[in-house]
Amino acid sequence: MGYDAKFRVWRGDLDGGELHDFTVLVNEGEVVLDIIHRLQATQAPDLAVRWNCKAGKCGSCSAEVNGRPRLLCMTRMSTFTEDEVITVTPMRTFPVIKDLVTDVSFNYEKAREIQSFTPPADLKPGEYRMKQVDVERSQEFRKCIECFLCQNTCHVVRDHDENKKSFAGPRYLMRIAELEMHPLDVGDRTELAQDEHGLGLCNITKCCTEVCPEHIKITDNALIPMKERVADRKYDPLVWLGNKLFRR
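If you're wondering where the values come from, they're calculated on a predicted model, not measured in any experiment. (Residues numbered from 1 in each chain as written. Predicted model: local features only at pLDDT ≥ 70, side-chain atom pairs only at ≥ 80, totals over all residues. Heavy atoms only, no water.)

(A) Region of interest: the overall build of the protein. Helix and strand counts for the protein come out as 10 helices and 7 strands. Expressed as lengths along the three principal axes of its C-alpha atoms, the size of the protein is roughly 75 × 40 × 30 Å. The buried share of the protein, reckoned over its 248 residues, is 45%. Look at the contacts in the protein between residues 6 or more apart in sequence, and 62% of them connect residues 24 or more apart. Accessible surface, the protein as shown: approximately 13600 Å² in total, 50% of it carbon and sulfur. Positive and negative charge centroids in the protein, built from 35 and 39 side chains respectively, lie 5 Å apart. (Helix = DSSP H or I, 4+ residues; strand = E, 2+ residues; numbered from the N terminus. Buried < 20%, exposed > 50% of the residue type's maximum accessible area, 1.4 Å probe, protein only. Contact = heavy atoms within 4.5 Å. Areas by Shrake-Rupley, 256 points an atom, 1.4 Å probe, with all protein chains shown as cover. Lys, Arg positive; Asp, Glu negative; His and termini not counted. Charge placed at Lys NZ, Arg CZ, Asp CG, Glu CD.)

Laid out in structure tokens, this is it:
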């Protein structure tokens, strides 16, 4: 049995915009993306929204629903009451292109700054061997669908745009942690994470973990272990002494 729901959807571009009110039919079992598509078909044919798979795996339909970063295709209408006004806005951290579509090129720029996987020089393709426990340590991070919800909700850049130049954000600090924990990667990423990618700006509020649709424990399993490695490298006197002796 369907019902009429009240929606407020942000319309505009980089120069400005405002919330527009709509009343739209909702059927049983639908998600917010279904309703946005119905608005396009019936009331707002020029409404811009980015989407692809509608299965929670492409990360394209990221937006904010009632102020919370979400995937539109994974936000069920059954989680709201029939008399609730549902507000849909673009991700706040990134510049708006049009309506619900934002410019997420910041994330791809940060991805290019990270040193790629670096195996030992004498190890040939086909000779890679790892224990399963080593595989599992970083395998969790490979579930990332790059929806950038963690990047969007991280207050380091959400509330301080000036930090974008020096802060990679949780998604790419997690990528650094993944490579740092990889048993066949010989790149030294600990100091780079701190000095070039802004690991020290993260104050582990876990907001990135809370919005991850893949339930990756970004803070506990990636960011905190990287902070511990940085602390060992910079402040543990035994590690400091060992580095001095080794360099000699």
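(B) Geometry of the packing of helix 6 (residues 170-180) against helix 9 (residues 218-235). At a minimum axis separation of 9 Å, helix 6 and helix 9 run at an interaxial angle of 65°. In terms of orientation, helix 6 and helix 9 fall into the roughly perpendicular class. Crossing of helix 6 against helix 9: the hand is left-handed. Taken together, the residues of helix 9 that come into contact with helix 6 (itself represented by P170, L173, M174, I176, A177 and E180) are I218, A222, L223, M226 and R229. (Axes fitted to C-alpha atoms, helices over the stretch in contact; angles between N-to-C directions. Parallel < 35°, antiparallel > 145°, perpendicular 65-115°, else oblique. Left-handed = near helix turned anticlockwise from the far one by under 90°.)

(C) Focus on the sheet that holds strand 2 (residues 16-26). The strand order across the open sheet built from 5 strands is 2-1-5-3-4, with neighbouring strands paired in mixed fashion. The open sheet terminates on both sides in strands that have one partner only, identified here as strand 2 and strand 4 (68-71). Neighbour-to-neighbour, the strand axes of the sheet open up by a mean angle of 30°, direction not taken into account. Packed onto the sheet, helix 1 (residues 32-42) meets strand 1 (3-13), strand 2 and strand 5 (85-89) and runs at close to 100° relative to strand 2. (Pairing = 2+ DSSP bridges.)

(D) View of the packing of aromatic side chains. The tally for this structure, following the rule as stated, stands at 3 aromatic pairs. Relative to F106, the ring of F94 lies with its centre 6.3 Å away and its plane at 35°, an arrangement referred to as tilted. Here the residue F94 occupies a position in the loop between strand 5 and strand 6 (96-98), and F106 occupies one in helix 2 (residues 105-113), the gap between them amounting to 12 residues. The exposure class of F94 is buried, given its relative accessible area of 3%. Residue class for F106 comes out buried when judged on its relative accessible area of 9%. Taken together, a centroid distance of 6.2 Å and an interplanar angle of 75° make the contact between F117 and Y128 edge-to-face. Highlighted residues: F117 in the loop between helix 2 and helix 3 (132-139) and Y128 in the loop between helix 2 and helix 3, separated in sequence by 11 residues. Take F117: its relative accessible area is 28%, and that puts it in the partly exposed class. (Phe/Tyr/Trp six-rings, centres within 6.5 Å; stacked < 30°, edge-to-face > 60°.)

(E) Up close: the pattern of salt bridges. Within this structure, the stated rule accounts for 18 salt bridges. With its nearest N and O atoms 3.1 Å apart, the salt bridge here joins D161 to K164. Given the relative accessible area of 13%, K164 is considered buried. Overlapping salt bridges, with partners in common, bring together R11, D46, K98 and D99 in one network. (Salt bridge = Lys/Arg side-chain N within 4 Å of Asp/Glu carboxyl O.)

(F) Local environment of the nonpolar core. Ranked by internal contacts, the top residues of the largest apolar core, which has 62 residues, are F7, V9, I36, L72, M77 and V88. Here this core takes 6 residues from helix 6, the largest share from any one element. Lining this core are residues from two domains, each supplying at least three of them: domain 1 (3-101) and domain 2 (103-246). Sequence-distant contacts of V88, defined by excluding residues within four places in its chain, comprise F7, R8, V9, W10, L19, V32, I36, E64, L72 and L100. (Core = buried A, V, L, I, M, F, W, Y, C linked by side-chain atoms within 4.5 Å. Domains from an automatic or database assignment.)

(G) Focus on helix 6. Of all 11 residues in helix 6, 10 are buried; the element is thus mostly enclosed. Every buried residue of helix 6 is accounted for by P170, R171, Y172, L173, M174, I176, A177, E178, L179 and E180. At its buried positions, helix 6 is contacted by helix 2, helix 3, helix 4 (149-153), helix 7 (190-195), helix 8 (207-211) and helix 9.

(H) Region of the structure containing the environment of E109. Among the structural elements, E109 can be located in helix 2. Considered as a pair, E109 and P119 are 10 residues apart in the sequence and their alpha carbons are 23 Å apart.

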